[in-house]
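Architecture and fold: a report
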Amino acid sequence: MHNFRTKFIVAGTLALSLGLGAVSAKAQEFINVLTGGTSGVYYPLGVALSEIYGKGIEGARTQVQATKASVENLNLLQQGKGEIAFALGDAVKLAAEGNTEAGFPGKLDKLRGVAAIYPNYIQIVASKESGINTLADLKGKSLSVGAPASGTELNARAIFAAAGLKYEDLGRVEYLPFAESVELIKNRQLDATLQSAGLGVASIRDLATSVPINVVAVPAQDVAKIGSPYLSVTIPKGTYEGQTEDVATAAVGNFLITHADVSDETGYQMTKLLFENLDQLTAAHAAAKAIDMAKALDGMPVPLHPGAERYYKEKGLVK
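If you're wondering where the values come from, they're calculated on a predicted model, not measured in any experiment.

**Let's talk about helix 2 (residues 42-56)**
For helix 2, spanning 15 residues, the distance from its first C-alpha to its last is 20 Å, which sits close to the expected 21 Å at 1.5 Å a residue. Every buried residue belonging to helix 2 is among Tyr42, Leu45, Gly46, Ala48, Leu49, Ser50, Ile52 and Tyr53, and all of these are buried.

**Some details on the packing of helix 9 (residues 264-276) against helix 11 (residues 306-314)**
One can describe the packing of helix 9 onto helix 11 by two numbers: an axis separation of 6 Å at closest approach and a directional angle of 50°. Here helix 9 is positioned oblique relative to helix 11, judged by the angle of their axes. As for the relative orientation of helix 9 and helix 11, their crossing is right-handed in sense. Where helix 9 abuts helix 11, its residues Asp264, Glu265, Gly267, Tyr268, Thr271, Lys272 and Phe275 lie against Pro306, Gly307, Ala308, Arg310, Tyr311, Tyr312 and Glu314. A per-class count over the contact of helix 9 with helix 11 returns six nonpolar, three polar and five charged.

**Side note on the nonpolar core**
With 100 residues, the main nonpolar core has Tyr53, Leu74, Ile257, Leu281 and Tyr312 as its most contacted residues. The leading source of residues in this core is strand 4 (residues 111-127), at 11 residues. Sequence-distant contacts of Tyr53, defined by excluding residues within four places in its chain, comprise Ile31, Ala60, Thr62, Ile84, Gln269, Met270, Leu273 and Leu274.

**Side note on the pairing of strand 2 (residues 60-65)**
In terms of strand pairing, strand 1 (residues 29-34) meets strand 2 through six bridges, oriented parallel. Bridging across to strand 2, Glu29 finds its partner in Ala60. With respect to chirality, the unit in which strand 1 leads through helix 2 into the neighbouring parallel strand 2 is right-handed.

**A closer look at the packing of helix 6 (residues 178-186) against helix 7 (residues 202-210)**
For the pair helix 6 and helix 7, the least separation of the axes is 9 Å and the interaxial angle reads 10°. The orientation of helix 6 relative to helix 7 falls into the category roughly parallel. The segment helix 6 lies against helix 7, with Phe178, Ala179, Val182, Glu183, Ile185 and Lys186 engaging Ser203, Asp206, Leu207 and Ser210. When its residues are assigned to classes, the contact of helix 6 with helix 7 shows five nonpolar, two polar and three charged.

**Comments concerning unusual backbone geometry**
One non-glycine residue, Ala69, lies in the positive phi region at around 75°. With respect to the helices and strands, Ala69 occurs in the loop between strand 2 and helix 3 (70-78). Ala69 gets classed as buried once you look at its relative accessible area, which sits at 15%.

**Quick notes on the packing of aromatic side chains**
Taken as a whole and assessed by the stated rule, the structure comprises seven aromatic pairs. For the pair Tyr42 and Phe86, a centre-to-centre distance of 5.2 Å together with 25° between the ring planes defines the contact as stacked. Placement of Tyr42 in helix 2 and of Phe86 in strand 3 (residues 84-88) is noted, with a sequence separation of 44 residues between them. Overall, the relative accessible area of 3% leaves Phe86 in the buried class. Taken together, Tyr268, Phe275, Tyr311 and Tyr312 form an aromatic cluster joined through their ring pairs. In this arrangement the basic side chain of Arg310 is found over the ring face of Tyr268, its NZ or CZ atom lying 3.7 Å from the centre.

**Section: the pattern of salt bridges**
Tallied over the entire structure, the rule returns 10 salt bridges. The residue Asp261 makes a salt bridge to Lys110 at a minimum N-O spacing of 3.0 Å. You can see Asp261 sitting in the loop between strand 10 (247-259) and helix 9 and its partner Lys110 sitting in the loop between helix 4 (89-97) and strand 4, a full 151 residues away along the chain. The exposed category is assigned to Asp261, whose relative accessible area is 54%. Across the pair Arg310 and Glu265 runs a salt bridge, and its minimum N-O distance is 3.3 Å. With Arg310 in helix 11 and Glu265 in helix 9, this pair connects stretches of sequence that are 45 residues apart. With relative accessibility at 39%, the residue Glu265 sits in the partly exposed group. Among the charged side chains, a salt-bridge network with shared partners connects Glu183, Lys186 and Asp206.

What counts as what
- Residues numbered from 1 in each chain as written.
- Predicted model: local features only at pLDDT ≥ 70, side-chain atom pairs only at ≥ 80, totals over all residues.
- Heavy atoms only, no water.
- Helix = DSSP H or I, 4+ residues; strand = E, 2+ residues; numbered from the N terminus.
- Expected span 1.5 Å × (residues − 1).
- Buried < 20%, exposed > 50% of the residue type's maximum accessible area, 1.4 Å probe, protein only.
- Axes fitted to C-alpha atoms, helices over the stretch in contact; angles between N-to-C directions.
- Parallel < 35°, antiparallel > 145°, perpendicular 65-115°, else oblique.
- Left-handed = near helix turned anticlockwise from the far one by under 90°.
- Contact = heavy atoms within 4.5 Å.
- Nonpolar A, V, L, I, M, F, W, Y, C, P; charged D, E, K, R; others polar.
- Core = buried A, V, L, I, M, F, W, Y, C linked by side-chain atoms within 4.5 Å.
- Pairing = 2+ DSSP bridges.
- Right-handed = clockwise from strand over helix to strand, strands pointing away.
- Phe/Tyr/Trp six-rings, centres within 6.5 Å; stacked < 30°, edge-to-face > 60°.
- Lys NZ or Arg CZ within 6 Å of the ring centre and 35° of its normal.
- Salt bridge = Lys/Arg side-chain N within 4 Å of Asp/Glu carboxyl O.

In structure tokens form, the structure reads like this:
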């Protein structure tokens, strides 16, 4: 009798725990953070963000996905294959417009804004021995412009058009991510790389400590020709080893973007936790120092997510 009763209680407890398991699994929120290549700035920030969301959003399971960055991220959001993504402002604008040349199948109508974060600096770096000091010097030389139709490569197209250059003017064009571009320059198989990233990006720091470099200017008048969302900025001297002078270039804002099917509550929490944990993001990468709530809505190319809007209303940024 005693044995039967014990078995019954154990079975009942097991059924109860299985039942509870089913309830908590249903309540679980899945947040996939879409980033970029592991040698860029998006990836370490995405890892930090996923940790912040994993701790701060009840029942959330988070993961980080390394991608080809902006264009791929926005297409994945539209398909519901990610909940939050890093993307460059001009790529977001082209996605909303459905620009097929930029790699979008049509208008991505589900994209919703979370926050403007930090600017990407267009950083054109050549080995000193290549003799490339200006944009015009790129003629006949080899340059990596980033993965095809990536946010970086869209920036390269814009810079070239403004400077009156075409890819055909180059000796060779490579469509490679940051780390691979740097390895080729170190091995003297490539003259220069154009990288659109936060200042102090690991790939260029690595290059500058390995070989003497020139940081090539993008003059203010060329940036003015492109117009919004491009801004004229300076790469301060000493950003990279051997960089002895300030260098003019262009910057484009980065954004955190989500999609319309993410719940209002999750959108709210993702926005709130971003601004409440800036110290953790800055520890992951110095580019996060430029994240400022006062500028969170600057140049936002798509409508705000209702959850994000609720947070900004609480903070008095949205009426």
